[in-house]
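Here are the chains, one letter per residue:
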Amino acid sequence: METLPERDALNRRNRELSILNDIAQALNRATDMTDTLHTVLKQVIELFDMQTGWIWLMNDKTGKAYLAAVQNLPDVLTHKPERMDGSRYCYCLDTYKKGDLEGAANVSIVTCTRLEDLVKDTGGLLYHASIPLYAHERKLGMLNVVSADWCELSDDELRLLYTVGEMLSMAIERSKLYGNSLRLGMAEERLRLSREIHDTLAQGLTGITLQLETADALIDSGADLAQIRGIIQQALSGAQKNLHDVRRSVMDLRAAPLEGRTIGQALETLAQEVTAKSGMALEFQCEGDRALSPALESGIYRIAQEALNNVVSHAKANTLFITLTIRPDNVHLHIDDDGIGFDSDEVFKGHFGLIGMNERANLLDGSLEVCSTPNVGTSITVDIPMKKADRA
């Protein structure tokens, strides 16, 4: 006859298997990295009856941590996003980077350094468990789950959380491999489009050249003016068609300076080149830098490029300040200078560069705000929402 302890153990085991099965199904269904992280985070919080949580991932190129997913953040962290900055001191991330969090035995409850000196609006949260994410020995990131009333976790709870971490790690690694194959395919597609543009442009210009040469010869021969005008009109029509085709194709291509770089790296290089030539000082900050869709990266880069061109041409600034922040749900770009500024009421009147920047932001469903004060300086703020298609 089954004893009560045996029945409790069986029920606990069935519950664990049910949790793991739910999470495994979510991981198998997910095709988007951000969706995967949010789905698992939500299930872990619900199934373990916790309050909130977040996931950090490591940038493969910079080695810095960035916030990749959040769930039910307390108000104090929502209203103070700098608290969730990957560059801020964090006991868990620091010990993880040093290699101290290895294995289930080291998954423990610690006081959260992002919450410990706060009193209001924390919802009573103070402690969290840290689940390290690894691909073999390579650090992928960390899952933090938070509760207000935790006591010491049992060995079974630790083992279950660590198993979830292993499953999530495999899903992250699989997603990265899939993303690399997609980027390879995108690179091949860009080469194809480049060849197509070259062939189309060359053929179009050849036709236009022949038409104009014919018109020139007819002028010398004293031919009918209407005939000559007809040939020139054909050449003009061909030139307009070719220009339209080239512009359409170029819109599908990634900005050349972005090849092989993240948007943060490309912007920093651009800013360094601009300030080196102009003699301005540069303060550049980037948080959460990672690969995005070519369309989003290209749009942000071109907006920044035009903004920096305006600074060099008009601002007479001593220092350029640039901050790029890539969050799970949006991209934020802030460019500030200490130049001569201008009247904000006249922002878009006659400033075709600003008009183009605004149009690019609108095409990405984002917004652009320009604030300037004479003899104080100018700031440009761009906010663009993150869509599924924007997550490379």
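Parameters and conventions
- Residues numbered from 1 in each chain as written.
- Predicted model: local features only at pLDDT ≥ 70, side-chain atom pairs only at ≥ 80, totals over all residues.
- Heavy atoms only, no water.
- Pairing = 2+ DSSP bridges.
- Helix = DSSP H or I, 4+ residues; strand = E, 2+ residues; numbered from the N terminus.
- Axes fitted to C-alpha atoms, helices over the stretch in contact; angles between N-to-C directions.
- Contact = heavy atoms within 4.5 Å.
- Expected span 1.5 Å × (residues − 1).
- Buried < 20%, exposed > 50% of the residue type's maximum accessible area, 1.4 Å probe, protein only.
- Core = buried A, V, L, I, M, F, W, Y, C linked by side-chain atoms within 4.5 Å.
- Parallel < 35°, antiparallel > 145°, perpendicular 65-115°, else oblique.
- Left-handed = near helix turned anticlockwise from the far one by under 90°.
- Nonpolar A, V, L, I, M, F, W, Y, C, P; charged D, E, K, R; others polar.

### A word on the sheet that holds strand S9 (residues 367-373)
Within a sheet, neighbouring strands are paired by backbone hydrogen bonds and run either parallel or antiparallel to one another.
Step number 1: One open sheet holds the 5 strands; their spatial order is S6-S7-S8-S10-S9, and the pairing between them is mixed. This sheet does not close on itself; its edge strands, each paired only once, are strand S6 (281-287) and S9. On average, each strand axis in the sheet is tilted by 5° relative to the strand beside it, whichever way the strands run.
Step number 2: One ladder, built from 7 bridges, connects S9 with strand S10 (residues 377-385); its direction is antiparallel. By the bridge assignment, Leu368 is partnered in S10 with Val382.
Step number 3: Against the sheet, helix H7 (residues 263-278) contacts S6, strand S7 (319-326) and strand S8 (330-337), and its axis sits at roughly 175° relative to S6.

### What about the environment of Asp60?
Step number 1: Along the chain, Asp60 falls in the loop between strand S1 (52-58) and strand S2 (65-71).
Step number 2: C-alpha of Asp60 to C-alpha of Asp289: the two residues are 229 residues apart in sequence and 10.0 Å apart in space.

### Considering the environment of Leu41
Step number 1: One can find Leu41 in helix H2 (residues 33-47).
Step number 2: Once residues within four sequence positions are removed from consideration, Leu41 is found in contact with Gly53, Trp54, Ile55, Ala69, Val70, Gln71, Leu143 and Asn144.

### Digging into H2
Step number 1: Over its 15 residues, H2 runs 21 Å from end to end, which matches the ideal 21 Å to within 8%, given 1.5 Å per residue.
Step number 2: Along H2, the residues that are buried comprise Met33, Thr34, Thr36, Leu37, Val40, Leu41, Gln43, Val44 and Ile45.
Step number 3: Looking one or two residues beyond H2, the residue adopting positive phi is Asp49, at roughly 55°.

### Examining the nonpolar core
Step number 1: With 37 residues, the main nonpolar core has Ile263, Leu267 and Leu333 as its most contacted residues.
Step number 2: Every element with two or more residues in this core is listed here: H7, helix H8 (294-315), S7, S8, helix H9 (352-363), S9 and S10.
Step number 3: Here this core takes 9 residues from H8, the largest share from any one element.

### So, the packing of H7 against H8
Between two packed helices, both the angle of their axes relative to each other and the distance between the axes serve to describe the pair.
Step number 1: Taken N-terminus to C-terminus, the directions of H7 and H8 make an angle of 15°; their axes are 10 Å apart at the nearest point. One way to sum up the angle between H7 and H8 is to call them roughly parallel. Here H7 and H8 pass one another in a crossing that is right-handed. Across the interface between the two elements, Ile263, Ala266, Leu267, Leu270, Ala271, Val274 and Ser278 of H7 pack against Glu297, Ile300, Tyr301, Ala304, Gln305, Leu308 and Val312 of H8.
Step number 2: A class-by-class count of the residues in the contact of H7 with H8 yields 11 nonpolar, 2 polar and 1 charged.

Remember that the coordinates give geometry; whether it matters functionally is a separate question.
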